[in-house]
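Breakdown of the fold
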Amino acid sequence: VVVLPGNVTDSEARLLIEAALPTVRTFASTAMVVSASTLALMLTILGLTSNAESPIRGGHYERIRQIALADVVVFTMATLLLVVLVIPIGEASGVPHPWYSAVFYATTLLSAVIGGLAVGVMLLIYAAVRDLTKTFGPGDDSPLLEDDDR
């Protein structure tokens, strides 16, 4: 059952793939760059929290681990999508026509999942930054410190 893209014939799928290739390639490579940069910046957060004067709750480190895991999944899926899109689909001869529909649906699904995971990573990062600013910023509200008396 196809909900959003509808049913596409094999020839329509080939045309849609060729039309979407530049955009999806850019999306995949951008997702790779963003996820690699995010993972590197997570080390900064770990450094900041490891230099804290009071012990940090384990939940914070669990959130960092979740962000890193989701980020690696985004990077891996974007890499896989980019590798699939490097195949010269339009110039290939002897490719069975149903293959185009499969590639079209696979690229659509992978792009949607990568986009959703990227939004999830951003929400997790937002929560981590919010808690860090509450903890190390002015005020008494510190959701990360084990001691509630700062």
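Above this text you will find the structure in question.
Read on for a plain summary of the structure. All values reported here derive from a predicted model rather than from experimental measurement.

1. Side note on the packing of helix α1 (residues 10–50) against helix α3 (residues 98–136)
- For the pair α1 and α3, interaxial distance at closest approach is 9 Å and the crossing angle is 25°. Considering the angle they form, α1 stands roughly parallel to α3. Between α1 and α3 the crossing geometry is left-handed.
- Residue classes in the contact of α1 with α3 are distributed as 19 nonpolar, five polar and two charged.

2. Focus: the environment of L46
- In this structure, L46 sits in helix α1.
- Spatially, the C-alpha atoms of L46 and I64 are 8.0 Å apart, while their sequence positions differ by 18 residues.
- The residues touching L46, leaving out its near neighbours within four places in the chain, are Y61 and I64.

3. Remarks on α1
- The sharpest bend along α1 reaches about 50° and sits at L21, with the proline P22 one to four residues further on.
- Within the sequence span of α1, burial applies to A13, I17, L21, V24, A28, A31, M32, S35, T38, M42, I45 and T49.
- Residues of α1 that are buried make contact with α2 (58–86) and α3.

4. Re the nonpolar core
- Membership of the largest hydrophobic core comes to 18 residues, with the highest contact counts inside it found for I17, A31, A78, L81, L85, F104 and I114.
- Listed by contribution, the elements that provide at least two residues to this core are α1, α2 and α3.
- Residue contributions to this core peak at seven residues, all from α1.
- Filtering out sequence-adjacent residues up to four positions away, A78 remains in contact with A28, A31, M32 and I114.

5. Things to note about the packing of aromatic side chains
- Here the structure, examined in full by the defined rule, presents two aromatic pairs.
- On the basis of an interplanar angle of 65° and a centroid distance of 5.3 Å, the ring pair of F104 and Y105 is categorised as edge-to-face.
- Of the residues examined, F104 reaches a relative accessible area of 12% and is grouped as buried.

6. Quick look at α2
- Under the 1.5 Å per step criterion, the end-to-end length of α2 is 42 Å for 29 residues, consistent within 8% with the ideal 42 Å.
- Residues of α2 that are buried include every one of H60, R63, I64, I67, A70, D71, V74, M77, A78, L81 and L85, and no others.
- Looking at the buried residues of α2, the elements they touch are α1 and α3.

Rules and cut-offs
- Residues numbered from 1 in each chain as written.
- Predicted model: local features only at pLDDT ≥ 70, side-chain atom pairs only at ≥ 80, totals over all residues.
- Heavy atoms only, no water.
- Axes fitted to C-alpha atoms, helices over the stretch in contact; angles between N-to-C directions.
- Helix = DSSP H or I, 4+ residues; strand = E, 2+ residues; numbered from the N terminus.
- Parallel < 35°, antiparallel > 145°, perpendicular 65-115°, else oblique.
- Left-handed = near helix turned anticlockwise from the far one by under 90°.
- Nonpolar A, V, L, I, M, F, W, Y, C, P; charged D, E, K, R; others polar.
- Contact = heavy atoms within 4.5 Å.
- Bend = angle between axes of the 7 residues up to and from the residue.
- Buried < 20%, exposed > 50% of the residue type's maximum accessible area, 1.4 Å probe, protein only.
- Core = buried A, V, L, I, M, F, W, Y, C linked by side-chain atoms within 4.5 Å.
- Phe/Tyr/Trp six-rings, centres within 6.5 Å; stacked < 30°, edge-to-face > 60°.
- Expected span 1.5 Å × (residues − 1).

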